[in-house]
Each structure stands twice: as C-alpha cells, then as structure tokens.
Amino acid sequence: AVGEAQPRAFRRVGQMSLTVYAWMEPLAQLARIPLQRALHARGMSVERAKRQQPAEQAALLGFIVGNYLLWIGVLAAWSRLRYAGSFEWLIERLVASRSQIASKRGGGGGGGGGAAAAGG
C-alpha cells in the first residue's frame with residue numbers, strides 16, 4: 001500500500017538507486033559547467049557558501065531541481081528499454097545466468113546439485 005501511494009518517478013529512482021548513485025556525480029559535474037560559466041559571466045558564484053546573493057541561491061536551487069528533473073526524464077526514457085545496461089540490469093542477468101547454470105548441473109539427478117557435483 002505504501003509503494004502504491006508513491007509516484008512512479010520516486011519508484012524509478014528507488015529501483016535504479018545503484019545506477020543513479022554511480023552516475024549522479026559525473027553527470028552533475030558536466031551539468032555544472034554551463035551553470036558556472038553563466039554565473040561567472042554575471043559576477044556570481046555558487047562556491048561562496050557564506051554570503052550568497054538571492055540570485056545565486058535561486059540559481060543553485062534551479063540547478064538542484066533541474067538535476068532531479070533530468071534524472072526523472074532519463075529514468076522514464078530508460079524504463080522503455082527495461083533499464084538495459086544499468087547495474088541493476090547487469091546484476092539481474094548475472095543472477096539469472098548463475099541460477100540457470102546451477103539448474104543445468106543439478107537438474108538430471110533429482111537429488112540436488114550436491115550429488116551431481118560430488119559424482120562428476
């Protein structure tokens with residue numbers, strides 16, 4: 001019931017959390033370059049933590065919201081590809097292939113994988 005109440009976008013981020021975590025910093029750094037150039041051209045900076053102007057704070061908030069919306073869009077588009085290439089997709093493939101290998105090894109004897117592995 002709790003999962004049903006969450007919007008689809010939040011569920012996507014949760015399902016893809018390992019991939020999002022791994023790619024978040026590199027993509028944010030790429031997106032930060034144009035923001036820094038635009039602010040620097042206006043004599044502003046995001047790095048000044050103590051005395052930011054309201055315009056700098058608005059730009060930083062816009063960057064955070066824009067970054068979040070970008071990820072929501074990327075994940076929505078990626079969901080159409082069933083997240084192919086993500087870490088979660090890779091883990092699912094590895095687990096599935098390992099379970100297929102295990103079932104092939106122990107599938108013929110009916111006594112489980114231990115007897116087949118010990119005998120051959």
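Reading guide: rules and limits
Residues numbered from 1 in each chain as written. Predicted model: local features only at pLDDT ≥ 70, side-chain atom pairs only at ≥ 80, totals over all residues. Heavy atoms only, no water. Helix = DSSP H or I, 4+ residues; strand = E, 2+ residues; numbered from the N terminus. Contact = heavy atoms within 4.5 Å. Areas by Shrake-Rupley, 256 points an atom, 1.4 Å probe, with all protein chains shown as cover. Buried < 20%, exposed > 50% of the residue type's maximum accessible area, 1.4 Å probe, protein only. Axes fitted to C-alpha atoms, helices over the stretch in contact; angles between N-to-C directions. Parallel < 35°, antiparallel > 145°, perpendicular 65-115°, else oblique. Left-handed = near helix turned anticlockwise from the far one by under 90°. Expected span 1.5 Å × (residues − 1). Bend = angle between axes of the 7 residues up to and from the residue. pLDDT = per-residue confidence, 0-100. Patch = residues over 30% accessible without salt bridge, like charges linked within 9 Å, V, L, I, M, F, W, Y side chains within 5 Å. Salt bridge = Lys/Arg side-chain N within 4 Å of Asp/Glu carboxyl O.

Engineer: Hey, could you run me through the overall build of the chain in this one?
Structural biologist: When its secondary structure is counted, the chain shows six helices and zero strands. Overall, the chain shows an N-to-C arrangement of helices and strands of α-α-α-α-α-α. Long-range pairs, those at least 24 residues apart, make up 59% of the contacts in the chain with a sequence separation of at least 6. Accessible surface, the chain as shown: approximately 9,200 Å² in total, 62% of it carbon and sulfur.

Engineer: What should I look at first to understand the environment of A59 in this one?
Structural biologist: Here A59 lies in helix α4 (residues 54-79). Judged by relative accessible area, which is 18%, A59 ranks as buried. Taking the C-alpha atoms as reference points, A59 and L39, 20 residues apart in sequence, are found 8.2 Å from one another. Look past the residues within four positions of A59 in its chain and what remains in contact with it is L35 and L39.

Engineer: Where do I start with the packing of helix α3 (residues 17-41) against α4 in this structure?
Structural biologist: Helices that pack against each other are described as a pair by the angle of their axes relative to one another and the distance between those axes. Two elements in contact, α3 and α4, have axes separated by 10 Å at closest approach and are oriented at 135°. When the axis of α3 is compared with that of α4, the two are oblique. Here α3 runs over α4; the crossing is right-handed. Of the residues in α4, those touching α3 at T19, V20, W23, M24, L27, A28, A31, R32, L35 and L39 are A59, F63, N67, W71, L75 and W78.

Engineer: Which parts of the structure should I look at to understand α3?
Structural biologist: In an α-helix, one turn spans 3.6 residues; hence positions three or four apart end up facing the same way. End to end, α3 covers 35 Å across 25 residues, agreeing with the expected 36 Å (1.5 Å per residue, within 8%). Remark: the principal bend of α3, roughly 40°, maps to M24, with a proline, P26, within the next four residues. Within α3, burial applies to T19, V20, A28, L35 and L39. At the exit of α3 stands G43, carrying a positive phi of roughly 80°.

Engineer: So what exactly am I meant to see when it comes to the confidence of the model for the chain here?
Structural biologist: Atomic detail in the predicted coordinates should be set aside for any region of low pLDDT. Summing up the model confidence of the chain, the mean pLDDT is 76 and the portion of residues at 70 or higher is 78%. A low-confidence stretch, residues 108-120 stays under pLDDT 50, and its non-local contacts, those more than four residues away or across chains, total four contacts.

Engineer: Can you help me understand a nonpolar patch on the surface in this one?
Structural biologist: A cluster of nonpolar side chains, L18, W23, L27, L30, I33, F87, I91 and V95, forms an exposed patch at the surface whose accessible area comes to about 730 Å². The set of elements that each furnish at least two residues to the nonpolar patch consists of α3 and α5 (87-106). Among the elements that take part in the nonpolar patch, α3 stands out by supplying five residues, more than any other. Residue W23 is classed as partly exposed on the basis of its relative accessible area, which comes to 47%.

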